[in-house]
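# Commentary on secondary and tertiary structure
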Amino acid sequence: MRNILILGGTTEASALARLLAQCGDQATLSYAGRVESPRPQPVPVRVGGFGGVEGLVDHLRAQGVTHLVDATHPFAATMSANAVAAARIAAIPHVALTRPPWAATTGDRWRHVPDLTAAMEAIDGPTMRIMLALGRMHADAFAVRPQHFYLLRFVDPPLAPPALPHHHLVVDRGPFDMDGDARLMQAHRIDLILCKNAGGTGAQAKLAAARHLGLPVLMIDRPALPDRLELHDPQAVLRWLDHGADRGV
């Protein structure tokens, strides 16, 4: 029987877990542990890291994992690189279930930067009102730019207040819609949206709202990752699982 480890934390990972449960496959969904109240899942869940590549290899072998699916966030670069290396060492099939990146369209006013450091450099200037759509992990880093007002939106309440002198925090879980995000931006008089190119539909509303309002977007591009097979929907992963043995991957 197949024994599938899903590296999760995304809506795509949860959708795949549901499909595998419906098919009767043995699967485990692994969270990094950053979400305090994850939604119930139809498969067993583990929470926490593995201890790098060696720890992940040990886990794959100890649990008899036959297939590894990396459905982590597109910016979880370290975990994704570890998954590629561990699957190769453990000699098991590996695939990434990832969202296609967003692409600018007519009416968008995007400026691209390669990473978080470049984003902080890009806003080293006059006071602005910024929707900082990066989640709680990176919010405090922007304390080096204290002149700005920051609109934050977290999935869970933080254990401590953000280290930003001027901010407003919204605790809410998506998906969101364009009208709601446009009203939020207007209510806080936002000048700029700063976000990562996460892809997917759940967080895309802010980009549609920015387009609708004519607001600029500072877009952090995705990190470079090792070569790997990437699929973009859970059904495609099921087909890969069904034919993996035939393909010898």
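This structure is a prediction, so every number in the text was calculated from the model and none was measured. (Residues numbered from 1 in each chain as written. Predicted model: local features only at pLDDT ≥ 70, side-chain atom pairs only at ≥ 80, totals over all residues. Heavy atoms only, no water.)

### Thoughts on the overall build of the protein
- Along its length, the protein carries 8 helices and 12 strands.
- Against the compact-globule benchmark of 18 Å for 249 residues, the protein has a radius of gyration of 19 Å, which places it among compact chains.
- Seen along its three principal axes, the alpha-carbon backbone of the protein occupies a region of about 60 × 35 × 30 Å.
- Put simply, the protein has 249 residues, and 47% of those count as buried.
- Taking all contacts inside the protein whose residues are at least 6 apart in sequence as the whole, residues at least 24 apart take part in 64%.
- On the protein, roughly 12200 Å² of surface is accessible, and the fraction owed to carbon and sulfur atoms is 53%. (Helix = DSSP H or I, 4+ residues; strand = E, 2+ residues; numbered from the N terminus. Rg over C-alpha atoms; globule rule 2.2 N^0.38 Å. Buried < 20%, exposed > 50% of the residue type's maximum accessible area, 1.4 Å probe, protein only. Contact = heavy atoms within 4.5 Å. Areas by Shrake-Rupley, 256 points an atom, 1.4 Å probe, with all protein chains shown as cover.)

### What to know about the pattern of salt bridges
- Under the defined criterion, the tally for this structure stands at 8 salt bridges.
- Of the charged contacts, one joins Asp-181 and Arg-153 as a salt bridge, the two residues approaching to 2.8 Å between their closest N and O atoms. Remark: Arg-153 occurs in strand 8 (residues 149-154) and Asp-181 occurs in helix 6 (residues 178-187); sequence separation between them is 28 residues. Neither residue differs from the other here; Asp-181 and Arg-153 are each classed as buried.
- Each of Arg-2, Asp-25 and Asp-242 takes part in salt bridges that share partners, so that together they form one network. (Salt bridge = Lys/Arg side-chain N within 4 Å of Asp/Glu carboxyl O.)

### Quick word on the nonpolar core
- Counting 21 residues, the largest nonpolar core has Ile-6, Leu-20, Val-69 and Val-237 as its most contacted members.
- Elements supplying a minimum of two residues to this core: strand 1 (3-7), helix 1 (11-23), strand 2 (26-31), strand 5 (94-97) and helix 8 (234-247).
- Membership of the second largest hydrophobic core comes to 19 residues, among which are Ala-119, Leu-134, Tyr-150 and Ile-220. (Core = buried A, V, L, I, M, F, W, Y, C linked by side-chain atoms within 4.5 Å.)

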